[in-house]
Amino acid sequence: MNPKYSKMFEQVSLPSSGITLKNRIVLAPMTHMSSNSDGTVSDAELAYYARRTGGAGMSVTAVTHVTPNGIGFPAQFGSYDDSFVPGLKRLAETIKQQGSVAVLQMFHAGRLTPEQAVPAGQVVAPSAVASERPGSPEPREMTDEEITSVIRDFGEATRRAIEAGFDGIEIHGANGYLIQQFFSPHSNRREDRWGGSVEKRLAFPLAVVDEVQRVVAEHTKLPFIVGYRFSPEEPETPGLTMEDTYALVDALKDKNLDYLHVSLNEFWSKPRRGEGDTRARIEFILDRVGGKVPVIGVGSIHTADEAAEALETGVPLLAIGRELIIEPDWVEKIESGREEDIETILTKSDQERLVIPDGLWNAIIHTPGWFPMAEDK
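Remember, it's a predicted structure, so these values are computed and weren't measured experimentally. (Residues numbered from 1 in each chain as written. Predicted model: local features only at pLDDT ≥ 70, side-chain atom pairs only at ≥ 80, totals over all residues. Heavy atoms only, no water.)

Undergrad: I'm lost on the packing of aromatic side chains in this one. Help?
TA: The way to describe two aromatic rings as a pair is by their centre distance and the angle between their planes. One pass over the structure, following the stated rule, counts nine aromatic pairs. Their ring planes at 75° and their centres at 6.3 Å tell us that Phe-73 and Tyr-177 sit as a pair that is edge-to-face. Residue Phe-73 is found in the loop between β5 (64–65) and α2 (85–97), and its partner Tyr-177 is found in the loop between β9 (168–173) and α4 (178–183); the two are separated by 104 residues along the sequence. You'll find Phe-73 and Tyr-177 in the same group, each marked buried. (Phe/Tyr/Trp six-rings, centres within 6.5 Å; stacked < 30°, edge-to-face > 60°. Helix = DSSP H or I, 4+ residues; strand = E, 2+ residues; numbered from the N terminus. Buried < 20%, exposed > 50% of the residue type's maximum accessible area, 1.4 Å probe, protein only.)

Undergrad: Which parts of the structure should I look at to understand the side chain of Gln-76?
TA: Along the polypeptide, Gln-76 turns up in the loop between β5 and α2. Every residue in contact with Gln-76, bar those within four places of it in the chain, is listed here: Ser-35, Gly-39, Val-63, Thr-64, His-65, Ile-71 and Phe-107. (Contact = heavy atoms within 4.5 Å.)

Undergrad: What exactly am I supposed to notice about the packing of helix α1 (residues 43–52) against α2 here?
TA: Between two packed helices, what matters for the description is the angle formed by their axes and the separation of those axes. Between α1 and α2, whose axes approach to 9 Å, the crossing angle comes to 20°. It follows that α1 is roughly parallel to α2 by the angle criterion. The hand of the α1/α2 crossing is right-handed. Here Asp-43, Leu-46, Tyr-49 and Ala-50 of α1 lie close against α2, whose contacting residues are Arg-90, Leu-91, Thr-94 and Ile-95. Taken together, the residues of the contact of α1 with α2 sort by class into five nonpolar, one polar and two charged. (Axes fitted to C-alpha atoms, helices over the stretch in contact; angles between N-to-C directions. Parallel < 35°, antiparallel > 145°, perpendicular 65-115°, else oblique. Left-handed = near helix turned anticlockwise from the far one by under 90°. Nonpolar A, V, L, I, M, F, W, Y, C, P; charged D, E, K, R; others polar.)

Undergrad: I tried to follow the pairing of strand β13 (residues 317–320) on my own but got confused; where do I start?
TA: Side-chain positions along a regular strand alternate between the two faces of the sheet. Burial along β13 is two-sided: the face carrying Leu-317 and Ala-319 and the face carrying Leu-318 and Ile-320 are both buried. Here three bridges tie strand β3 (residues 25–27) to β13, and the two strands are oriented parallel to one another. Pairing of Leu-27 across the sheet is with Ile-320, part of β13. For the segment spanning strand β12 (residues 295–298), helix α9 (residues 304–311) and β13, crossover handedness is right-handed. (Pairing = 2+ DSSP bridges. Right-handed = clockwise from strand over helix to strand, strands pointing away.)

Now the structure itself:
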């Protein structure tokens, strides 16, 4: 291995669980829309994970929904009933057999739930405010009883992850889904205990964290990871700003979490507003966290040199998403000194070779610019 990449392969001990990762590389959660029609994990998904989790120190699954009306994508696997545990167990075993730590990501899509995926009136959100994404339905405002029920649902999904043998869970509080919707001034216009001030908008995210940690303490004596993913800003007005994110980070870094996962399309992206210098968002966040909890950075990292440069910021962990779809042996090639052999572009004949499920492959082919694509060689 080239010595300039050695930092990637240092072990990382997660502070709350005490679990040690074999290296600093994380398989990022990537939705693949390839579950069975009943919401169980499919053989195609298992093959996909078996192919690309051998190198990463930790692998975070595609997201699972904790309630029936929290689904966010077609062909997404669920975790809202005990009947899903056998399939989740197969998924955890598949990842762990490759030598990676297995983490189940979970969410409720809130107002981003596809209207056709749930019964009428079941697209719910903190307030009856539609997303600005084209074609978004106006959601129904959740009652206080529904809110407390969903918090319990996150706990129940965590119990199922424990029973399935996962090493941990990641709370998906990013990308505009329900947990972020409660924190956002765009989607949360409530004036009760769940909305209004920054502190009240934090109530739901923190209640989910508390419930998950309560369930972990009750249901397992084994080390178990709890991480939290967040998006640092929103484009909408009103929307989340870096100042809001600092309030979130300040609250989360005192919650005995194992990591904070920053959701970014570009690792080096700059703040939209509110900051005077030219540093990247990830650098501001690292400063705010102050080393109290490990941070995972992510966003359009493709080459070994790009990863090494990102780690120079001091970010303890680096998630690789699209590149591990394009190049499943990315970690192994760097470790064995073959970084020049890393592929960074797909061709239209690559699906079978790369073990990419049909749902994900169709999304790749029909979403221009999502993946770098070349003509067949």
